[in-house]
Amino acid sequence: MNKGPIGIFDSGVGGTTIWREINKLLPHESTVYVADSANAPYGELSKDEMRDLSIRITDFLLAQGCKIIVVACNTVTTNAITYLREQYNVPFIGIEPAIKLAALNTRSKIVGVLATKGTLTSELFHKTSGIHANGITVIEQEGEGLVELIETGKLDSEELKSLLHAYVDPMVKSGADSLVLGCTHYPYLIPLLKRIIPSSVNIVDSGPAVARQTKSVLQKNHLLNTSNLKATNVFYTTGDVNVLSDFVKDAKDASVRKLEL
């Protein structure tokens, strides 16, 4: 079983930011990634719709022999991962906005969170925020329209710049010195964000912490790959194969395939 791949899925290409961190930390582990771009953004779906899609993707990943599943989607983590853990006998790694890290490092005691509607309205988000942001002002902002633009590769478009200004400028003016990226798509916005916000504002991304947690859970369950077999990386998408291919063009020993859920 320890030779099996790590399964990773997201509502689209955003979770490739998580894949990148995992691949960097665990280069000898094979991976199977699913981008459900046809149904993105998940933040607009009902909880039942999210759960149904997550079940179908999980079943597919298990059929590929995956030994652990990383839910590389904040919205699914906050709305469906508890259900998935109850239904399947496989470790699941989830993702939450890194509010704890931001709260520990803020000097102004004001933190901005940019996330999807599905994440911001979830019970888990508010529970996490309540625990770790005690005494901290948290400014929540829904990133409406951002995922769609990232999914189509418009990472330097005027439309994207305009939306980001509308979303983050008020946070900065309110004194936020930390910006938490609460969606795995959003790290692709970092180059643009760095041109928009002051350098004094810390951009907080949960990707590296997720990779470390994945390694820790693999070690705990004796699932780390100890063989000398060459790692492979297979990417599936329910959307445009060319779009996903462009996002993972630097991945070694990778193949990108179409998937019908």
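The coordinates are above.
Asker: Looking at this model, I keep getting lost on the overall build of the chain. Mind explaining?
Answerer: A tally of regular secondary structure across the chain gives eleven helices and ten strands. Rg of the C-alpha trace for the chain: 18 Å, near the compact-globule value of 18 Å for 261 residues, within the 12% margin. Reported as C-alpha extents along the three principal axes, the dimensions of the chain are approximately 50 × 35 × 35 Å. If you sum the accessible surface of the chain, you get close to 11,900 Å²; carbon and sulfur atoms cover 48% of it. Each charge class in the chain was averaged separately, 26 positive and 28 negative side chains, and the resulting centres sit 9 Å apart.

Asker: Would you mind showing me how to read the pairing of strand E10 (residues 254-258) here?
Answerer: Consecutive side chains of a regular strand alternate in pointing toward one face of the sheet and then the other. The pairing of strand E9 (residues 233-237) with E10 spans five bridges and is classified as parallel. Its bridge partner lying in E10, Val234 is registered against Ser255. Handedness of the E9-helix H11 (residues 241-247)-E10 crossover: right-handed.

Asker: Looking at this model, I keep getting lost on the sheet that holds strand E2 (residues 31-35). Mind explaining?
Answerer: Two modes of strand pairing occur in sheets, parallel and antiparallel, and in both the strands are linked by backbone hydrogen bonds. Strand order in the open sheet formed by six strands is E4-E3-E1-E2-E9-E10, with parallel pairing between adjacent strands. The sheet terminates laterally at strand E4 (92-93) and E10, the two strands that pair on one side only. Taken strand by strand, helix H10 (residues 207-220) contacts strand E1 (6-10), strand E3 (68-71) and E4, and its axis lies near 160° from that of E3.

Asker: Is there a simple way to think about the sheet that holds strand E7 (residues 178-182) in this case?
Answerer: Strand order in this open sheet of four strands is E6-E5-E7-E8, and the pairing throughout is parallel. The open sheet has two edge strands, strand E6 (137-142) and strand E8 (202-204), and neither has a second partner. Averaged over all adjacent pairs, the angle separating strand axes in this sheet is 20°, with direction ignored. Here strand E5 (residues 110-115) pairs with E7 via five bridges, running parallel. Within the sheet, the bridge partner assigned to Val111 lies in E7 and is Ser178.

Asker: Explain the packing of aromatic side chains here, please?
Answerer: The description of an aromatic ring pair uses the distance of the two centres, along with the angle that the planes make with each other. With the rule as written, the count across this model stands at five aromatic pairs. Ring plane angle 70° and centroid distance 5.1 Å describe the contact between Trp19 and Phe235, whose orientation is recorded as edge-to-face. Residue Trp19 is found in helix H1 (residues 16-25), and its partner Phe235 is found in strand E9; the two are separated by 216 residues along the sequence. The same class applies to Trp19 as to Phe235, namely buried. Taken together, a centroid distance of 4.9 Å and an interplanar angle of 70° make the contact between Tyr188 and Phe247 edge-to-face. Here the residue Tyr188 occupies a position in the loop between E7 and helix H9 (190-196), and Phe247 occupies one in helix H11, the gap between them amounting to 59 residues. Per residue, the accessibility class of Tyr188 equals that of Phe247, and both read buried.

Asker: Help me understand H10, please; the structure alone is not making it clear to me.
Answerer: Turn by turn, an α-helix covers 3.6 residues, leaving residues three or four places apart pointing in a common direction. The terminal C-alpha atoms of H10 lie 20 Å apart, and with 14 residues this matches the ideal 20 Å at 1.5 Å per residue to within 8%. The secondary structure elements touched by the buried residues of H10 are E1, H1, E3 and E4. Among the residues trailing H10, His222 stands out with phi positive, at a value near 55°.

Asker: Just checking my understanding: could you explain the side chain of Asp177 for this structure?
Answerer: For Asp177, the position within the fold is in the loop between helix H8 (158-173) and E7. Residue class for Asp177 comes out buried when judged on its relative accessible area of 7%. A polar contact is formed between the side chain of Asp177 and the backbone nitrogen of Arg107, at a distance of 2.7 Å. Not counting residues up to four positions away in its chain, the partners in contact with Asp177 are Thr106, Arg107, Ser108, Ile110, Ser200, Val201 and Asn202.

Asker: Just checking my understanding: could you explain the nonpolar core for this structure?
Answerer: Buried together is how nonpolar side chains tend to be arranged in soluble globular proteins. Membership of the largest hydrophobic core comes to 49 residues, with the highest contact counts inside it found for Leu179 and Tyr186. Per element, the largest residue contribution to this core is five residues, and it comes from H8. Not counting chain neighbours up to four residues away, the residues in contact with Tyr186 comprise Leu114, Ala115, Thr116, Gly143, Leu146, Val147, Ile150 and Leu181. Residues Val32, Met50, Leu53 and Ile69 belong to the second largest nonpolar core, which totals 23 residues.

Reading guide: rules and limits
- Residues numbered from 1 in each chain as written.
- Predicted model: local features only at pLDDT ≥ 70, side-chain atom pairs only at ≥ 80, totals over all residues.
- Heavy atoms only, no water.
- Helix = DSSP H or I, 4+ residues; strand = E, 2+ residues; numbered from the N terminus.
- Rg over C-alpha atoms; globule rule 2.2 N^0.38 Å.
- Areas by Shrake-Rupley, 256 points an atom, 1.4 Å probe, with all protein chains shown as cover.
- Lys, Arg positive; Asp, Glu negative; His and termini not counted.
- Charge placed at Lys NZ, Arg CZ, Asp CG, Glu CD.
- Pairing = 2+ DSSP bridges.
- Right-handed = clockwise from strand over helix to strand, strands pointing away.
- Contact = heavy atoms within 4.5 Å.
- Axes fitted to C-alpha atoms, helices over the stretch in contact; angles between N-to-C directions.
- Phe/Tyr/Trp six-rings, centres within 6.5 Å; stacked < 30°, edge-to-face > 60°.
- Buried < 20%, exposed > 50% of the residue type's maximum accessible area, 1.4 Å probe, protein only.
- Expected span 1.5 Å × (residues − 1).
- Polar contact = N/O pair within 3.5 Å; in protein donor to acceptor, adjacent residues only side chain to side chain.
- Core = buried A, V, L, I, M, F, W, Y, C linked by side-chain atoms within 4.5 Å.

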